[in-house]
Amino acid sequence: MSTKSEREYERRRYEKWQERQAKARARRHRNRVIAGSIVAAFVLVIGAGAAFVLTNDDDPAASPTASPTANAAEVPDPALAEGRTWTGDIALTQGDLGIELDGAAAPQAVANFVTLAQEGFFDSTKCHRLTEEGIFVLQCGDPTALGIADPTTGGTGGPGYTWGPIENAPADGVYPAGTIAMARTGNDGSSMGSQFFLVYKDSPIPADTAGGYTVFGHITSGMDALQAIADAGTVEGTQVPVSDVIIEGVNIQ
């Protein structure tokens, strides 16, 4: 039989969950009506040279319709990154990931991530894609990939604006385990929005005509939780993680 304090704790937890779901539904509605929302998703192409392309799930040849210059006023000011190191954590259903963000090396990416995190943008969203061959990443940050949605959805949502250029891409094209980097559309360095990927195993990702991928931070703790997600694998015939990977919250200081 539960105690009064336990019941109170569960009540608060349930109310917090309801609040997050309400925010998520509001964001989902907003993204449905935003014209030209960012299109960014990973499509892994296995073959000679193993290319790594970011584009629309439904049409691998598609390009984002939003113009980076048209919505530049909505993009967080890179000065917000303050040229400093930010620390915090990403709370996943499988465990917390400690993170460190480099505001000096990637000021636009860090300003963008910190602003969205502080607004609760990522709360209750699903990390919708897990790659297991050639490159080894978990992709997150799509506001349309909600924990209450169809498990096969996700991959085309963003904050309603796009930005560039690419920052702090590794010269050798290798993204070490623990890297946190921005997703973007293939061959378009000004197509970043809110989607990002977490590298769970060293991954060589060839640059395309736009260059590499913006590295803006790294995981400082919780790699075991990320590895457990990878070890669980994906739904057969898809790149959807077997178990829902939900971002419960992002705390940045």
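Residues numbered from 1 in each chain as written. Predicted model: local features only at pLDDT ≥ 70, side-chain atom pairs only at ≥ 80, totals over all residues. Heavy atoms only, no water.

**Q** Where do I start with the state of the cysteines in this structure?
**A** As used here, a disulfide is simply a covalent bond connecting the sulfur atoms of two cysteines. Here the structure, examined in full by the defined rule, presents 1 disulfide. A sulfur-sulfur distance of 2.1 Å marks the disulfide that ties Cys-127 to Cys-140. For the disulfide bridge between Cys-127 and Cys-140, the dihedral angle about the S-S bond is near 100°, and by the sign convention the bridge is right-handed. Separated by 13 residues along the polypeptide, Cys-127 in the loop between strand E5 (125-126) and strand E6 (129-130) and Cys-140 in strand E7 (residues 137-140) bring together distant segments of the chain. Since its relative accessible area comes to 1%, Cys-140 is described here as buried. (Disulfide = S-S within 2.5 Å. Helix = DSSP H or I, 4+ residues; strand = E, 2+ residues; numbered from the N terminus. Buried < 20%, exposed > 50% of the residue type's maximum accessible area, 1.4 Å probe, protein only.)

**Q** Where do I start with unusual backbone geometry in this structure?
**A** Most peptide bonds take the trans configuration, and most residues that are not glycine carry a negative phi. The omega torsion of the bond from Gly-164 to Pro-165 falls at 0°, within 30 degrees of zero and hence cis. On the secondary structure map, Pro-165 appears in the loop between E7 and strand E8 (174-175). One non-glycine residue, Ser-124, adopts positive backbone phi at about 70°. Inspection of the secondary structure assignment puts Ser-124 in the loop between helix H2 (107-118) and E5. A relative accessible area of 5% places Ser-124 in the buried class. In this model, Asn-187 sits at a positive phi of 65°, which is unusual for a non-glycine residue.

**Q** Quick question: what am I supposed to make of the environment of Ile-229 here?
**A** Tracing the sequence through the fold places Ile-229 in helix H3 (residues 223-232). Setting aside residues up to four positions removed in sequence, Ile-229 forms contacts with Leu-92, Gln-94, Leu-130, Leu-138 and Val-245. (Contact = heavy atoms within 4.5 Å.)

**Q** Help me understand the confidence of the model for the protein in this model?
**A** Reading fine detail from the predicted coordinates is not recommended where pLDDT is low. A residue-level look at the protein finds 68% of positions with pLDDT of 70 or above and a mean pLDDT of 79. Confidence drops under pLDDT 50 across residues 28-70; counting only partners more than four residues distant or on other chains, this segment forms 101 contacts. (pLDDT = per-residue confidence, 0-100.)

**Q** Before we go on, may I ask you to explain H2 in this structure?
**A** End to end, H2 covers 16 Å across 12 residues, agreeing with the expected 16 Å (1.5 Å per residue, within 8%). For H2, a buried count of 10 out of 12 residues is recorded, marking the element as mostly surrounded by other parts of the structure. Of all the residues in H2, the buried ones are Gln-108, Ala-109, Val-110, Ala-111, Asn-112, Phe-113, Val-114, Thr-115, Leu-116 and Ala-117. Each element contacted by the buried residues of H2 is listed here: strand E3 (85-92), strand E4 (95-102), strand E9 (179-182), strand E10 (196-199), strand E12 (215-221) and strand E13 (246-252). (Expected span 1.5 Å × (residues − 1).)

**Q** Please clarify how the nonpolar core should be interpreted in this entry.
**A** Among the nonpolar cores identified, the biggest contains 41 residues, and Leu-101, Phe-113, Phe-196 and Phe-216 are the most heavily contacted of them. Broken down by element, the residue count for this core peaks at 7 residues, all from H2. In this structure, Ile-135, Val-137, Tyr-175 and Val-215 belong to the second largest nonpolar core, which totals 9 residues. (Core = buried A, V, L, I, M, F, W, Y, C linked by side-chain atoms within 4.5 Å.)

**Q** I keep staring at the packing of aromatic side chains and nothing clicks. Help me out?
**A** Summed over the entire model, instances satisfying the criterion amount to 9 aromatic pairs. When the ring of Phe-113 is compared with that of Phe-196, the centres are 5.3 Å apart and the planes differ by 85°; the resulting orientation is edge-to-face. With a gap of 83 residues between them, Phe-113 in helix H2 and Phe-196 in strand E10 connect regions that are remote in the sequence. By the burial criterion, Phe-113 is buried, and Phe-196 matches it. Relative to Phe-196, the ring of Phe-122 has its centre 5.6 Å away and its plane inclined at 85°; by these criteria the two rings are edge-to-face. Residue Phe-122 is located in the loop between H2 and E5, and its partner Phe-196 is located in strand E10; the two are separated by 74 residues in the primary sequence. Directly above the aromatic system of Trp-86 lies the positively charged group of Arg-84, at a separation of 3.6 Å from the ring centroid. (Phe/Tyr/Trp six-rings, centres within 6.5 Å; stacked < 30°, edge-to-face > 60°. Lys NZ or Arg CZ within 6 Å of the ring centre and 35° of its normal.)

**Q** I would appreciate a short explanation of the environment of Phe-113 in the present structure.
**A** Since its relative accessible area comes to 2%, Phe-113 is described here as buried. Counting along the chain gives 28 residues from Phe-113 to Gly-141, while the straight-line C-alpha distance between them is 9.6 Å. Filtering out sequence-adjacent residues up to four positions away, Phe-113 remains in contact with Ile-90, Ile-99, Leu-101, Phe-122, Phe-196, Phe-216, Val-250 and Ile-252.

**Q** I'm lost on the pattern of salt bridges in this one. Help?
**A** Side-chain pairs of opposite charge can arise where the charged atoms are in close proximity. According to the stated counting rule, one finds 3 salt bridges in the structure shown. Here Glu-82 ties to Arg-84 by a salt bridge, and the two come within 2.7 Å at their closest N and O atoms. A salt bridge links Arg-184 to Asp-208; the nearest nitrogen and oxygen atoms lie 2.9 Å apart. Taken as a pair, Arg-184 in the loop between E9 and E10 and Asp-208 in the loop between strand E11 (203-204) and E12 lie far apart in primary sequence, 24 residues in all. Neither Arg-184 nor Asp-208 differs from the other in exposure class; each is buried. (Salt bridge = Lys/Arg side-chain N within 4 Å of Asp/Glu carboxyl O.)

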